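# Commentary on secondary and tertiary structure
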Amino acid sequence: MYMKKLFFAMLLAAMSVAGFAQRIDFVNVDGLPDGRYSDESSGVRITGWVSGGQKTGTWIECHSKSELPHFIRQYVDGKLEGVCFDIDKQGVVTKQAEYKRDKLDGEVIRWVRGGVTREVVSYKNGLKDGPSKICYDKGTVQEESNYKEGRRDGVTTWYAYNEKSQGPKVAMYTYKDGMFDGVQETYYDDGTVKTRKMFVDNVQEGLSVEFHEDGSVKSETKYKNGEVSGRVKEYEKGKKTE
C-alpha cells in the first residue's frame, strides 16, 4: 500500500513542477541595440537589458495582463548566472534556482502553496550532485538521497505518506554510480526491517534475509551472480534471530 501511495505521490510531484513554458528564456536579442529591452505579446510583458547583442542583468517576465513578475532571471554575457526565481499569481516564490554559465549549479528549491517545501536538490555543472530531498505536499519527507554527477550515489531512503507527521521508512537502497551496490532494505509500518538484500554492481549477491514482523528471521536465501545458490531456509515466527 505504501509503495502505491509513493508512486502516485511521485507522479503528482512530477506534474506539479512541469508548469508552463516561460517565454523569457527564448527571447532573441541578437542584433538589438544596447540598452533596455521591453516587449509585450498576448498580454505578457518582458523587460530586460541588452549589451553587445546579449542579455545582461535582470530580466523579468510578468504574469499575463499583470505587472506581477512571473519569472526573474539573471544574465551575464547571454548566459544564466546567479539566483533565478519563479513566482505565482499571489506573489509567492515557488522556485529558486542557482546558475553558473547557463547551467544549474547550487540548490534548486521548490515550494507549494503555504510556503511548504516540495524539494531541495543540489546541482553541479548542470547535473544533480550532492544531497537531494523530495517532500510530499504537506511537507513531510518522501525521499532523501545523494547524487554524484547526475547519478544516485550512496544511500537513498523513501518514506510513507502521513498527513499529520513524518511517515515511517518504506525502503533504504544503497547506490554506486546509479546502480545498486551494498545493502538494500525494506521495512514494516513500524520501521522494523522486512527484507535485507546485498548487491554488487547491480547484481544480487550473498545472503538475502526476510523477517517476520517481530524481527525474527522468516527466510534466508543465498545468491551468487544474481541467482539463488543452494536451498532456501525458512523459519517459524520467533524461532530464529540474527
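The structure presented is a predicted model; accordingly, all values stated were derived computationally and were not measured. (Residues numbered from 1 in each chain as written. Predicted model: local features only at pLDDT ≥ 70, side-chain atom pairs only at ≥ 80, totals over all residues. Heavy atoms only, no water.)

## Topic: a negative patch on the surface
- Together, Asp 189, Asp 190, Glu 213 and Asp 214 line one region of the surface with negative charge.
- Relative accessible area serves as the criterion here: at 54%, Glu 213 is assigned to the exposed category. (Patch = residues over 30% accessible without salt bridge, like charges linked within 9 Å, V, L, I, M, F, W, Y side chains within 5 Å. Areas by Shrake-Rupley, 256 points an atom, 1.4 Å probe, with all protein chains shown as cover. Salt bridge = Lys/Arg side-chain N within 4 Å of Asp/Glu carboxyl O. Lys, Arg positive; Asp, Glu negative; His and termini not counted. Charge placed at Lys NZ, Arg CZ, Asp CG, Glu CD. Buried < 20%, exposed > 50% of the residue type's maximum accessible area, 1.4 Å probe, protein only.)

## Section: the packing of aromatic side chains
- The full count for this structure, using the stated rule, is seven aromatic pairs.
- Aromatic pair Tyr 136 and Tyr 161: ring centres 5.0 Å apart, planes at 75 degrees, arrangement edge-to-face. Note that Tyr 136 is positioned in the loop between β10 (127–135) and β11 (141–148) and Tyr 161 in the loop between β13 (154–159) and β14 (169–176), a separation of 25 residues in sequence.
- Under the relative-accessibility criterion, Tyr 161 is labelled partly exposed at 23%.
- Note on Trp 158 and Tyr 173: the rings are 5.3 Å apart at their centroids and 65 degrees apart in plane angle, and the pair reads as edge-to-face. Here Trp 158, found in strand β13, pairs with Tyr 173, found in strand β14; they are 15 residues apart in sequence, far enough to count as distant. (Phe/Tyr/Trp six-rings, centres within 6.5 Å; stacked < 30°, edge-to-face > 60°. Helix = DSSP H or I, 4+ residues; strand = E, 2+ residues; numbered from the N terminus.)

## Here's the deal with the nonpolar core
- Counting 18 residues, the largest nonpolar core has Val 27, Val 29, Tyr 37, Ile 46, Trp 59, Tyr 99 and Leu 104 as its most contacted members.
- Contributions of two or more residues to this core are made by β2 (44–51), β4 (69–76), β7 (93–100), β8 (103–112) and β9 (116–124).
- Core analysis: the second largest hydrophobic core is formed by six residues, Met 172, Tyr 187, Phe 211 and Val 217 among them. (Core = buried A, V, L, I, M, F, W, Y, C linked by side-chain atoms within 4.5 Å.)

## Observations regarding the side chain of Arg 110
- As for its placement among the helices and strands, Arg 110 is situated in strand β8.
- Arg 110 sits in the buried class, given a relative accessible area of 18%.
- Only 3.0 Å separates the side chain of Arg 110 from the side chain of Glu 119, close enough to count as a polar contact. (Polar contact = N/O pair within 3.5 Å; in protein donor to acceptor, adjacent residues only side chain to side chain.)

## A few points about the confidence of the model for the chain
- Taken as a whole, the chain shows an average pLDDT of 91; of its residues, 91% reach a score of 70 or greater.
- In the model, residues 2–20 has pLDDT below 50 throughout and makes 18 contacts with residues more than four positions away in sequence or in other chains. (pLDDT = per-residue confidence, 0-100. Contact = heavy atoms within 4.5 Å.)

## Observations regarding the environment of Lys 138
- With respect to the helices and strands, the residue Lys 138 is situated in the loop between β10 and β11.
- Here the alpha-carbon distance between Lys 138 and Val 116, two residues 22 residues apart in the chain, equals 6.8 Å.

## Here we look at unusual backbone geometry
- With a phi close to 55 degrees, Asn 125 is a non-glycine residue in the positive phi region.
- Its location among the elements puts Asn 125 in the loop between β9 and β10.
- Of note, Asn 202 is a non-glycine position whose phi angle comes to about 75 degrees, a positive value.
- Relative to the helices and strands, Asn 202 is located in the loop between β16 (193–200) and β17 (203–204).

## Some remarks on the pairing of β16
- Summarising the sheet, strand β15 (residues 179–187) and β16 pair through six bridges and their orientation is antiparallel. Bridging from a neighbouring strand, Gln 184 pairs with Lys 197 of β16.
- Counting the residues that bridge the hairpin from β15 to β16 gives five residues, and of these Gly 191 lies at a positive phi of roughly 95 degrees.
- Sheet analysis places β16 next to strand β18 (residues 206–211), joined by two bridges and oriented antiparallel. Each bridged residue has a counterpart across the sheet, and for Thr 195 the counterpart in β18 is Glu 210.
- Here β16 runs beside β17; their pairing, made up of two bridges, is antiparallel. Each residue of the ladder has a partner; that of Val 200, found in β17, is Val 203.
- Hairpin connection between β16 and β17: a loop of two residues separates the two successive antiparallel strands, and Asp 201 in this loop has a positive phi of roughly 50 degrees. (Pairing = 2+ DSSP bridges.)

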